[in-house]
Amino acid sequence: MKTLVLVFHPHLEKSQVNRKLMDIANETGDVTVIDEYAEYPDFHINVEREQKLIESHDRIVLQFPFYWYSSPALLKQWEDAVLQAGWAYGGGHALEGKEFMVAVSTGSPADSYTREGSHVRTMEELLSPFETTFRHVHATYLKPFLIQGVATSTEAQIDQAVAQYPAALVD
């Protein structure tokens, strides 16, 4: 299985988690990793290149920090540009049979993403637009890889969570 990890972090150099996730993914066999903000600092996405990358991989991972209950702006731009009618849906079936997963880091701890928690919604609910999108294009949506509570985690706790990423990428 060939895995493509598309990293969407606008300030990767300051990242506590996403840089480490990207580095460990780069060390994992049959995994291609791309820093999308480095590729497209002007937000002008090369749609043909992105579509060819997706077509040549079995599993696509969208990796990003959770920003205001959503993803960074470039990921939304990427979705709008790349997942085109006639290719991904609306007569196109390029994503059928592909596996999609999101790898998300949050500053808040996991227990704050519950009905009783400070965010009053679960991560499953908040990430449901991704699930709906990939089900719509007949792809398989995999369980998200989550690293939560980054703002209060120790370096050792972050490293322990990051160490689990390679298995999620290829299993």
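Everything that follows concerns the structure shown earlier in this document.
Below you will find a few notes about this structure. (Residues numbered from 1 in each chain as written. Predicted model: local features only at pLDDT ≥ 70, side-chain atom pairs only at ≥ 80, totals over all residues. Heavy atoms only, no water.)

Observations concerning the overall build of the chain
Convention followed: In this text, helices come from DSSP runs of H or I with a minimum length of four residues, and strands from runs of E with a minimum of two, each type numbered from the N-terminal end. Atoms considered for the radius of gyration are the C-alpha atoms alone. The globule rule reads 2.2 Å times the number of residues to the power 0.38. Relative accessible area decides the class of each residue, using a 1.4 Å probe on protein chains only: under 20% of the type maximum gives buried, over 50% gives exposed, and in between gives partly exposed. Whether two residues touch is decided by their heavy atoms; if any such pair falls within 4.5 Å, the residues are in contact. All accessibility values rest on the Shrake-Rupley procedure with a 1.4 Å probe; residue burial counts only the protein chains present in the view.
A tally of helices and strands in the chain yields 8 helices and 6 strands. Across the chain, helices and strands are ordered from the amino to the carboxyl terminus as β-α-β-α-α-β-α-β-α-α-β-β-α-α. Here the chain has a C-alpha radius of gyration of 16 Å; the compact-globule value for 171 residues is 16 Å, and the two agree. Dimensions of the chain, computed from C-alpha atoms along their principal axes, come out at roughly 45 × 35 × 35 Å. By residue count, 48% of the 171 residues in the chain fall in the buried class. Taking contacts inside the chain between residues at least 6 apart in sequence as the whole, the part at least 24 apart equals 76%. Accessible surface, the chain as shown: approximately 8500 Å² in total, 50% of it carbon and sulfur.

Focus on the side chain of Lys98
Applicable threshold: Think of it this way: Lys and Arg go in the positive column, Asp and Glu in the negative one, and His and the chain ends go nowhere. Whenever Lys or Arg places a side-chain nitrogen within 4 Å of a carboxyl oxygen from Asp or Glu, that contact is recorded as a salt bridge. A 3.5 Å cut-off defines polar contacts: any pair of N or O atoms within that distance qualifies, except that in protein one atom must be a possible hydrogen donor and the other a possible acceptor, and neighbouring residues in sequence count only when both atoms are side-chain atoms.
With respect to the element layout, Lys98 can be found in the loop between α4 (73-82) and β4 (99-105). With no salt bridge to any partner, buried Lys98 finds its closest opposite charge in Asp58, at an N-O distance of 5.1 Å. For Lys98, the side chain forms a polar contact with the main-chain oxygen of Ile54, separated by 3.2 Å. Discounting chain neighbours no more than four positions away, the residues touching Lys98 are Ile54, Glu55, Ser56, His57, Asp58, Ile60, Ala139 and Thr140.

A few points about the pattern of salt bridges
Counted by the stated rule, this structure contains 10 salt bridges. A salt bridge links Lys52 to Glu48, with the shortest nitrogen-to-oxygen separation between them at 3.9 Å. Pair noted here: Lys52 and Glu48 are both in helix α3 (residues 47-55), with a separation of 4 residues, about one helical turn. Overall, the relative accessible area of 53% leaves Glu48 in the exposed class. Among the ionic contacts, a cluster of salt bridges with common partners joins Lys20, Glu155 and Asp159.

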